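Residues per chain are reported as follows:
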Amino acid sequence: MALVRYEPLRNGTWNLLDRLQKEFNLQNAFEPYTKEVAGDDNSDVVTSHWRPAVDIKEEEDRFVIYADLPGVDPKDIEITMEKGVLTLKGERSEETREEREGYKRVERISGSFYRRFSLPDTADAERIEAEGKNGVLEITLPKHEKVLARKITVKS
């Protein structure tokens, strides 16, 4: 018998479909990802136990990658750059699980992670910086000076 949190139906069927999607994601969280599940971005490999959520933002003079890595010490994160591919590797340690009267609840995934991102030619690999704060890794990739957009004034 599974314990399910009660949520009054909002928007009828959409709430049920949302819960089904969340349950599917939890059930498949420990399975190795394939292109069909993870997409064609090549940002993970089959050796990963979990896949941290990532946001990528482009600004005028840089790209910024935000990776959710709660429970991972920033010193234990390996970031490498080779041939236009940025790689994030690390591991989140498994915590002690508590059991009471036969009930067990484990929602947080532990184990190794491995993500790869192809960088555009405009990214300056020599000036990449990373900072970890409050469980979020922020990687800053400045753009090459020569490719920054420049406004040209028209003389009359």
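Residues numbered from 1 in each chain as written. Predicted model: local features only at pLDDT ≥ 70, side-chain atom pairs only at ≥ 80, totals over all residues. Heavy atoms only, no water.

Asker: Quick question: what am I supposed to make of the packing of aromatic side chains here?
Answerer: Each aromatic ring pair is characterised by the separation of its centres together with the angle its planes make. The full count for this structure, using the stated rule, is 1 aromatic pair. With a centroid separation of 5.2 Å and 65 degrees between ring planes, the pair formed by tryptophan 50 and phenylalanine 113 is classed as edge-to-face. Taken together, the residues span a long stretch of sequence, with tryptophan 50 in the loop between helix H2 (35–38) and strand E1 (54–58) and phenylalanine 113 in strand E5 (residues 111–118) at a distance of 63 residues. An identical accessibility class is assigned to tryptophan 50 and phenylalanine 113; each is buried. In this structure, arginine 92 packs its charged tip against the face of tryptophan 50, placed 4.0 Å from the ring centre. Lysine 143 extends its terminal NZ or CZ atom over the ring of phenylalanine 63, reaching a point 5.0 Å from the ring centre. (Phe/Tyr/Trp six-rings, centres within 6.5 Å; stacked < 30°, edge-to-face > 60°. Helix = DSSP H or I, 4+ residues; strand = E, 2+ residues; numbered from the N terminus. Buried < 20%, exposed > 50% of the residue type's maximum accessible area, 1.4 Å probe, protein only. Lys NZ or Arg CZ within 6 Å of the ring centre and 35° of its normal.)

Asker: What exactly am I supposed to notice about the nonpolar core here?
Answerer: Generally speaking, nonpolar side chains in soluble globular proteins are found buried as a group. Counting residues in each nonpolar core, the largest one holds 17 residues, and the members touching the most others are Leu69, Leu88, Leu137, Ile139 and Leu141. For this core, the elements supplying multiple residues, two or more each, are strand E2 (62–68), strand E4 (85–92), E5 and strand E7 (136–142). Beyond its immediate sequence surroundings of up to four residues, leucine 141 is in contact with Arg62, Phe63, Ile65, Leu86, Leu119 and Ile128. (Core = buried A, V, L, I, M, F, W, Y, C linked by side-chain atoms within 4.5 Å. Contact = heavy atoms within 4.5 Å.)

Asker: I would appreciate a short explanation of the pairing of E4 in the present structure.
Answerer: Residues in a regular strand project their side chains so that they alternate between the two faces of the sheet. With 6 of its 8 residues buried, E4 lies for the most part within the structure. As defined by bridge partners, strand E3 (residues 78–82) adjoins E4 across 5 bridges and the pair is classed as antiparallel. Looking at E4, one finds that glutamate 82 is bridged to valine 85. Where E3 folds back on E4, the antiparallel hairpin that results is connected by 2 residues, among which lysine 83 adopts a positive phi of roughly 55 degrees. Two strands pair when backbone bridges link them, and E4 and E5 are joined in this way by 8 bridges, in the antiparallel orientation. Each bridged residue has a counterpart across the sheet, and for glutamate 91 the counterpart in E5 is serine 112. (Pairing = 2+ DSSP bridges.)

Asker: Could you clarify how one ought to interpret the side chain of arginine 115 in this entry?
Answerer: The residue arginine 115 is located in strand E5 in this model. There is a polar contact of 2.6 Å between the side chain of arginine 115 and the backbone oxygen of proline 52. (Polar contact = N/O pair within 3.5 Å; in protein donor to acceptor, adjacent residues only side chain to side chain.)

Asker: Hey, could you run me through the sheet that holds E5 in this one?
Answerer: Hydrogen bonds between backbone groups are what pair the strands of a sheet, and the pairing can be parallel or antiparallel. Ordered in space as E3-E4-E5, the 3 strands form an open sheet in which the pairing is antiparallel. One side of each edge strand has no neighbouring strand; the edge strands of this open sheet are E3 and E5. The average angle at which neighbouring strand axes cross in this sheet is 15 degrees, direction not considered. (Axes fitted to C-alpha atoms, helices over the stretch in contact; angles between N-to-C directions.)

Asker: What am I meant to see in unusual backbone geometry here?
Answerer: What is expected of a backbone is that most residues other than glycine have negative phi and most peptide bonds are trans. Although it is not a glycine, lysine 83 sits at a positive phi angle of roughly 55 degrees. When you line up the elements, lysine 83 lands in the loop between E3 and E4. At asparagine 134, a residue that is not glycine, the phi angle is positive and equals roughly 55 degrees. Take asparagine 134: it is sitting in the loop between strand E6 (129–133) and E7. With a relative accessible area of 78%, asparagine 134 lands in the exposed category.

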